Amino acid sequence: MSETPSKKLVLVVACALVDADNRVLLAQRPEGKSLAGLWEFPGGKVEPGETPELALVRELKEELGIDTKTACLAPLTFASHTYDSFHLLMPLYVCRRYWGTPQPLEAQALKWVKPKQLRDYPMPPADEPLISHLVDLL
Ligand code: C5P
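Conventions used here
One numbering rule holds for all chains: residues counted from 1, following each sequence as written. Note on the predicted model: pLDDT of at least 70 is required for a residue's local features to be given, and 80 or more for side-chain atom pairs to be given and counted; whole-chain, interface and lining totals, by contrast, use all residues. To get the side-chain values, take all heavy atoms of the structure and skip hydrogens and water. Here a Phe, Tyr or Trp ring, Trp counted by its six-membered ring, pairs with any other such ring whose centre lies within 6.5 Å, and the pair is stacked when the planes are under 30 degrees apart, edge-to-face when over 60, and tilted otherwise. UniProt positions are given in the numbering used here, feature names are shortened, and annotations may be inferred rather than shown by experiment. Numbered from the N terminus, helices here are DSSP runs of H or I no shorter than four residues, and strands are runs of E no shorter than two. Only protein chains enter the accessibility calculation, which uses a 1.4 Å probe; a residue whose area is less than 20% of its type maximum is buried, one above 50% is exposed, and one in between is partly exposed. Between any two strands, at least two bridges found by DSSP are needed for them to pair. Being near a molecule or strand, for a residue, means having at least one of its heavy atoms within 4 Å of it. Polar contact is the term for a pair of N or O atoms within 3.5 Å; when the atoms are in protein, one must be able to donate a hydrogen and the other to accept it, and sequence-neighboring residues count only if both atoms are side-chain atoms. To measure how exposed things are, a 1.4 Å probe is used in the Shrake-Rupley method; for residues, cover is taken only from the protein chains shown. Whether a set of points on the 1 Å grid over the protein atoms alone is a cavity depends on a 1.4 Å probe fitting there but being unable to get out, while an open set qualifies as a pocket with protein on both sides within 12 Å along at least five of seven lines; lining residues are those with an atom within 4 Å of a point. Those molecules having more than half of their atoms within 2 Å of a cavity or pocket grid point set are described as sitting in that cavity or pocket. When residues are grouped by polarity, Ala, Val, Leu, Ile, Met, Phe, Trp, Tyr, Cys and Pro land in nonpolar, Asp, Glu, Lys and Arg in charged, and all others, Gly among them, in polar.

Next up on the list: the packing of aromatic side chains. Counted under the stated rule, the structure contains two aromatic pairs. On the numbers, 5.1 Å between centres and 35 degrees between planes, the contact of tyrosine 83 with phenylalanine 86 is tilted.

And the structure:
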């Protein structure tokens, strides 16, 4: 009996960056990337040898030019979603303390959004279930 090979597991970290007005930062995936035009929580793939928290610090620096500290990060929940060619596991961190002003360093549009308006922004299917957790928290 042969077993169906399981899909590759991809670990991506995502961050709900929250400002002093309790708004959350969304980034729009730029043209040329998969799922272009959809809005997501900033973040990216965890690289070999990295902890999720260090990956998130690196991604926030690369994508937005902000600094944060691993100690400021706490995973709120996980997304788990099967795409056609891989399975995505994605912890969502909440970060209220960061240094610098987020800038769109990777040509992505950025938008600060009130928690109750998060559902107005089309998101990748993995991200959508995260919203209710965030709305409850904020
Ligand atoms: O951002 P990046 O393209 O490296 O992410 C890899 C894949 O993970 C994307 O193609 C997308 O399918 C998925 N992803 C997602 N939600 C995110 C970030 C990535 O579903 N917030």
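Time to look at the UniProt feature "domain: Nudix hydrolase" (unreviewed entry) in the chain. Under the present numbering, the feature "domain: Nudix hydrolase" (unreviewed entry) in UniProt falls on residues 8–136. Within the segment residues 8–136, helix and strand shares are 16% and 33% respectively, and the terminal C-alpha atoms sit 32 Å apart.

Buried residues dominate strand β2 (residues 24–28), accounting for four of its five residues. When β2 meets strand β7 (residues 110–113), the two strands line up antiparallel, connected through four bridges. Residue pairing across strands places alanine 27 opposite leucine 110, the latter belonging to β7. Looking at chain direction, β2 and strand β3 (residues 39–40) are connected through two bridges and run antiparallel. Paired with glutamine 28 across the two strands is tryptophan 39, which belongs to β3.

On to the site of the ligand, then. Residues in close proximity to the ligand total 14 residues, the closest being Arg29, Ser34, Glu40, Tyr83 and Asp127. A distance of 3.3 Å is found between a nitrogen atom of the ligand and a side-chain nitrogen or oxygen belonging to glutamate 40. Within the side chain of aspartate 127, an N or O atom sits 2.7 Å from a nitrogen atom of the ligand. Here the ligand has 440 Å² of accessible area as a free molecule, and 86% of this is covered by the chains. Judged by the proximity of its atoms to the pocket grid, the ligand belongs to the largest pocket. Ranked by residues supplied to the shell around the ligand, first place goes to strand β6 (residues 86–95) with three residues. For the shell around the ligand, the class distribution of residues is eight nonpolar, one polar and five charged.

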